[in-house]
Number of protein chains: 4
Amino acid sequence: MPAVNSQPRRARSGNRRDEAARLAVLHAADDLLVEHGFSALTVEAIARRAGVAKQTIYRWWPSKVEILLDTLIEDSEKRLPVPTELPTADSIRTYLRDFAHFLAEDPAGKCLLTLLAEAQHDVATAARFHERYLEPRQIAEREMLTRAAEEGEVSPALGPEATMDALVGPIVYCALTGAAVPEELVDTLVEKLLRPRA
Amino acid sequence: MPAVNSQPRRARSGNRRDEAARLAVLHAADDLLVEHGFSALTVEAIARRAGVAKQTIYRWWPSKVEILLDTLIEDSEKRLPVPTELPTADSIRTYLRDFAHFLAEDPAGKCLLTLLAEAQHDVATAARFHERYLEPRQIAEREMLTRAAEEGEVSPALGPEATMDALVGPIVYCALTGAAVPEELVDTLVEKLLRPRA
Amino acid sequence: MPAVNSQPRRARSGNRRDEAARLAVLHAADDLLVEHGFSALTVEAIARRAGVAKQTIYRWWPSKVEILLDTLIEDSEKRLPVPTELPTADSIRTYLRDFAHFLAEDPAGKCLLTLLAEAQHDVATAARFHERYLEPRQIAEREMLTRAAEEGEVSPALGPEATMDALVGPIVYCALTGAAVPEELVDTLVEKLLRPRA
Amino acid sequence: MPAVNSQPRRARSGNRRDEAARLAVLHAADDLLVEHGFSALTVEAIARRAGVAKQTIYRWWPSKVEILLDTLIEDSEKRLPVPTELPTADSIRTYLRDFAHFLAEDPAGKCLLTLLAEAQHDVATAARFHERYLEPRQIAEREMLTRAAEEGEVSPALGPEATMDALVGPIVYCALTGAAVPEELVDTLVEKLLRPRA
DNA sequence: ACGTAAGCGAGACGGTACGTCTGGTCTTTCT
DNA sequence: AGAAAGACCAGACGTACCGTCTCGCTTACGT
């Protein structure tokens, strides 16, 4: 596992952080999580796998939870953007399906489930998870819904917060219990709770 | 913490298990979980708090997860029975509201959330959690739904499995994110997804 | 390095300390010291070599210095007893020669030099070294000298303390500088400073 | 601790070594040794105290031992010269007394004891200590003794090497054990081992 | 009724990971 | 090119739990 070598250090100007080491840590953490589960995700194992000293990890991340948060945020912004511009019933339905797929298949989806789980075990994790991931995303989702309603694309039966919980909740619950999300579940939820135009 | 002593041992006939120790362990585990969270729930801490030797715990439970499962099963059968006899839309709505309350307030609800979380971290936990708690309960819930449909009390828009996921999912999701479940959320879900008679 | 196995634990009655582990630690420490020097004498290395958990070492010894002290005291009592019963000029000369040999050849001699050195670096070590080894031995040596003088075997030119320093000092100094102690050095010191009978 | 700045750099011509930094390092090392002992004498601490970068130290000294050697050699040449010109019993006695005083009181004496101690822990230190300090000084001391014998000032009972060990050994030993050197010890040793004229 | 076998509190054991500290190297930036 | 700054890999520190084990005690059962 030679890991990091021979890339140029200091990709970013203005500080001296080793970008290669940063990426090696993020990838090592994600790989370990997917391959061996959260219990194998020790700081020592990450350091070993990334070819990095433990101190390098502690210098930049206060805990392994923040490593996962970094991975999750970067990846979910990239691969699961919230469609806030001109959202339609169709684009919302697609977003929900993509979300189900993200949770089931994407390494970052595993990351999200793990953080949601760890947040149950530890209040500090819960706070950081809400602050850095959950609330920003919920805000974007509610904005999406509000805008779609304003445009007349949908007529939700509940407020944006409760509606999103009703749409997202079943998908997350299925992922947590290891069940697949049936297509008609998403369709029916959209149909009944959003009541799309025409 | 003098703990357990001076109660009569051997409540059950046929073996020599010390019932006082068993209860002390279950209560210690639950107390620790509620007071200090899962991360404080170590076997050593349980033993310390229960006034019991570590070996006594390992003799009867293969892991601390099984301790929580024991607690959860006993308490949820007692305090949150599934209304399988002559279920109506009303009794289902009540069950869902009770479930939300159970998750938010009852120590055993904390237990359930913790186990659901730990199941994300560890496959063995996931297997045992499904086997001992989740599947039996899901079977009972689906039976409740099927019976209610047969009696004409409700006309679900989806199959029993997907319907239950759609009803329970949002409640669990709210509990996991620390949010309260709004009353109208349950009402609307029942209304739209179960379409109760009259 | 299988180390400890298959001896009966709990050799001593009355407590539960594992005598096999204790000896394994003492020997491992001594071996490491002789083979690789003090800088290789880390608690982790001792534990590794002894086939023992680090915690076992910390349970019984507050620092590695105490491990060396245990070794030194046991071995020097066994292999270099102070001849306090009816000492003569001859037995004192022999004791000094044995002492030179002990410092140069015996693993426990290396131990003594190391502790004397470490006592220069660390005041806590100095205190414990004096308390547990140096002062008891100096008392015994002065008693030896005093008794020999009372019996008329020797007529020291100085008080017992200064005389012992003058006799032992050169031997220790030679050992510290890696020089051999010439035979006639000991002989001359005894002759000139103790002025033995006839 | 603003440390070094604003003196003129490049005091020596011909290279670009910063003399101010050099002195700052030597003084910082000595101060730390005297104030907090050898265990506090880390390269990082020296750099911090001297207001100098770690790399500056590693550029000019292969190890902290060489820093101490530099200090020791400069100071002991200055404050404890070996009286090789026309030595007498008196000057030798004075030298020995000064030596005892140097070990007990002078910061550089602490330095010498520390190096002698560290030489027990590390063979590389032992080699450099002998090469740079101990052997040159022993050669000078033996020359002093030989010349004094040639001049008829003293008639040593042993060869110069063994005699010096017999004289210096007790002084060093007392310093190592934290004991004061009694006046009559030096006097008696000179009297008995050197047998001065008249 | 009495020996025996099991459960018990206690806690030592070999391990693994924790988060911190320092060592010695290397790179960047400034002077 | 030297120096300050400080990130980097490496690995020891002392602590907390893990799950296993042995010990000596108490207690109920089966002769």
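Residues numbered from 1 in each chain as written. Chains lettered and ligands numbered in written order. Predicted model: local features only at pLDDT ≥ 70, side-chain atom pairs only at ≥ 80, totals over all residues. Heavy atoms only, no water.

Undergrad: Help me out: how do you make sense of the relation of the copies chain A and chain B in this one?
TA: What relates the pair of chain copies is a rotation about an axis plus a shift along that axis. Between chain A and chain B, the superposition needs a rotation of 180° and an axial shift of 0.0 Å, giving an RMSD of 0.2 Å. Such a turn and shift between the copies fits a two-fold axis. Relative to the rotation axis, the C-alpha of alanine 117 of chain A is the closest in chain A, positioned 2.0 Å from it. A share of 97% of interface residues in chain A that are also interface residues in chain B marks the association as one of identical surfaces. (Least-squares fit on C-alpha atoms with pLDDT ≥ 70 in both. Contact = heavy atoms within 4.5 Å.)

Undergrad: Could you clarify how one ought to interpret helix H6 (residues 107–121) of chain D in this entry?
TA: Every α-helical turn comprises 3.6 residues, leaving residues that sit three or four positions apart pointing alike. Taking 1.5 Å as the rise per residue, H6 of chain D with 15 residues should run 21 Å; its terminal C-alpha atoms sit 21 Å apart, in good agreement. Of the residues flanking the start of H6 of chain D, the one acting as N-cap is aspartate 106 of chain D, its side-chain oxygen 2.7 Å from the backbone nitrogen of alanine 108 of chain D. (Helix = DSSP H or I, 4+ residues; strand = E, 2+ residues; numbered from the N terminus. Expected span 1.5 Å × (residues − 1). Polar contact = N/O pair within 3.5 Å; in protein donor to acceptor, adjacent residues only side chain to side chain.)

Undergrad: Where do I start with the interface of chain A and chain B in this structure?
TA: The accessible area lost on association of the parts is a frequent measure of interface size. Facing the 37 residues of chain A at the interface are 36 residues of chain B. With both chains or domains summed, chain A and chain B bury close to 3000 Å², and 68% of this area falls on carbon and sulfur atoms. Looking only at chain A, the three residues that lose the most surface to chain B are Gln120, His121 and Tyr173 of chain A, adding up to 25% of its buried area. Inspection of the chain A/chain B interface yields zero salt bridges. Our count for the chain A to chain B interface comes out at five residue pairs in polar contact (both at pLDDT 80 or more). When residues of the side of chain A that touches chain B are traced back to their parent elements, those giving at least two are helix H6 (107–121), helix H7 (123–150), helix H8 (160–176) and helix H9 (183–194) of chain A. When residues in the side of chain A that touches chain B are grouped by element, the largest group, 11 residues, is from H8 of chain A. Grouping the constituent residues of the side of chain A that touches chain B by class yields 20 nonpolar, 10 polar and seven charged. (Buried area = accessible area lost by both parts, 1.4 Å probe. Salt bridge = Lys/Arg side-chain N within 4 Å of Asp/Glu carboxyl O. Nonpolar A, V, L, I, M, F, W, Y, C, P; charged D, E, K, R; others polar.)

Undergrad: Teacher, can you tell me more about the protein's contact with DNA strand E here?
TA: Neighbouring DNA strand E are 34 residues, the closest being Val43 of chain A, Trp60 of chain B, Trp60 of chain C together with Thr42 and Gln55 of chain D. Take the atoms of DNA strand E that sit within 4 Å of the protein: sugar and phosphate atoms are 61% of them. Here a phosphate oxygen of DNA strand E and a side-chain polar atom of threonine 56 of chain B are 2.7 Å apart. Side-chain polar atom of tryptophan 60 of chain C to a phosphate oxygen of DNA strand E: 2.6 Å apart, as the coordinates give it. Elements with a contribution of two residues or more to the surface near DNA strand E: helix H2 (43–50) and helix H3 (54–60) of chain A, helix H3 (54–60) of chain B, helix H3 (54–60) of chain C together with helix H2 (43–50) and helix H3 (54–60) of chain D. A breakdown of the residues in the surface near DNA strand E according to their chemical character gives 10 nonpolar, 10 polar and 14 charged. (Near = heavy atom within 4 Å.)

Undergrad: Honestly, the interface of chain C and chain D in this entry has me stumped. Any pointers?
TA: Contacts between the two partners involve 36 residues from chain C and, on the opposite side, 35 residues from chain D. The junction of chain C with chain D conceals about 3000 Å² of combined surface from both sides, 68% of it contributed by carbon and sulfur atoms. For chain C, the biggest contributors to the area lost against chain D are Gln120, His121 and Tyr173 of chain C; these three give 25% of the whole. Between chain C and chain D we count zero salt bridges in total. Counting across the chain C and chain D interface gives five residue pairs in polar contact (both at pLDDT 80 or more). Contributing elements (two or more residues each) for the side of chain C that touches chain D: helix H6 (107–121), helix H7 (123–150), helix H8 (160–176) and helix H9 (183–194) of chain C. No other element matches H8 of chain C, which puts 11 residues into the side of chain C that touches chain D. Tallied by class, the residues present in the side of chain C that touches chain D amount to 20 nonpolar, 10 polar and six charged.

Undergrad: Mind showing me how you'd approach the packing of aromatic side chains here?
TA: One pair of aromatic rings is described through two measures. These are the centre distance and the angle between the planes. Here the structure, examined in full by the defined rule, presents five aromatic pairs over all chains. Pairing tyrosine 95 of chain B with phenylalanine 99 of chain B gives two aromatic rings, centres 6.5 Å apart and planes at 15°, and the pair type is stacked. Here phenylalanine 99 of chain B and tyrosine 95 of chain B lie together in helix H5 (residues 89–105), a separation of four residues that amounts to about one turn. For tyrosine 95 of chain B, a relative accessible area of 4% corresponds to the buried category. Residue phenylalanine 99 of chain B is classed as buried on the basis of its relative accessible area of 5%. Residues phenylalanine 129 of chain C and tyrosine 133 of chain C carry aromatic rings whose centres are separated by 5.8 Å and whose planes lie at 15° to one another, so their mutual orientation is stacked. Of this pair, phenylalanine 129 of chain C and tyrosine 133 of chain C are both found in helix H7, four residues apart, which corresponds to roughly one turn of the helix. For tyrosine 133 of chain C, a relative accessible area of 4% puts it in the buried group. Here lysine 64 of chain C stacks its cationic end above the ring of phenylalanine 38 of chain C, 5.0 Å away from the centre of that ring. (Phe/Tyr/Trp six-rings, centres within 6.5 Å; stacked < 30°, edge-to-face > 60°. Buried < 20%, exposed > 50% of the residue type's maximum accessible area, 1.4 Å probe, protein only. Lys NZ or Arg CZ within 6 Å of the ring centre and 35° of its normal.)

Undergrad: Even after reading the chapter, I still don't get the nonpolar core, so can you show me in this structure?
TA: Most often, soluble globular proteins keep nonpolar side chains buried together rather than apart. The biggest cluster of nonpolar side chains holds 135 residues, and the ones touching the most others in it are Phe129 of chain C together with Phe129 of chain D. No other element matches the 11 residues that H8 of chain C contributes to this core. Sequence-distant contacts of phenylalanine 129 of chain D, that is, excluding residues within four places in its chain, are made with Leu69, Leu72, Leu112, Leu115, Leu116, Ala119 and Leu134 of chain D. Among the nonpolar cores identified, the runner-up in size contains 133 residues, and Ala24, Leu96 and Leu112 of chain A together with Leu72 of chain B belong to it. (Core = buried A, V, L, I, M, F, W, Y, C linked by side-chain atoms within 4.5 Å.)

Undergrad: Explain the environment of leucine 26 of chain A to me, please; I cannot follow it from the model alone.
TA: All names here are of chain A. With respect to the element layout, leucine 26 can be found in helix H1 (residues 19–36). What makes leucine 26 buried here is its relative accessible area of 5%. For the pair leucine 26 and histidine 130, spaced 104 residues apart in the sequence, the C-alpha separation amounts to 20 Å. Those residues within four positions of leucine 26 in sequence are excluded, and the remaining contacts are Trp61, Ile67, Asp70, Thr71 and Glu74.

Undergrad: I tried to follow the pattern of salt bridges on my own but got confused; where do I start?
TA: Between side chains of opposite charge, a pair can form when the charged atoms approach closely. Counted under the stated rule, the structure contains 66 salt bridges over all chains. As a salt-bridge pair, lysine 54 of chain C and glutamate 44 of chain C come within 2.7 Å of each other at their nearest N and O atoms. Of this pair, lysine 54 of chain C sits in helix H3 while glutamate 44 of chain C sits in helix H2 (residues 43–50), and the two are 10 residues apart along the sequence. Exposure remark for lysine 54 of chain C: the relative accessible area of 36% places this residue in the partly exposed category. Taking the shortest distance from any N to any O, the salt bridge between arginine 97 of chain D and glutamate 183 of chain D comes out at 3.8 Å. Pair noted here: arginine 97 of chain D is in helix H5 (residues 89–105) and glutamate 183 of chain D is in helix H9 (residues 183–194), with a separation of 86 residues, a long-range link. Three or more residues are tied together by salt bridges with common partners; here these are Glu66, Asp70, Arg128, Glu131 and Arg132 of chain A.

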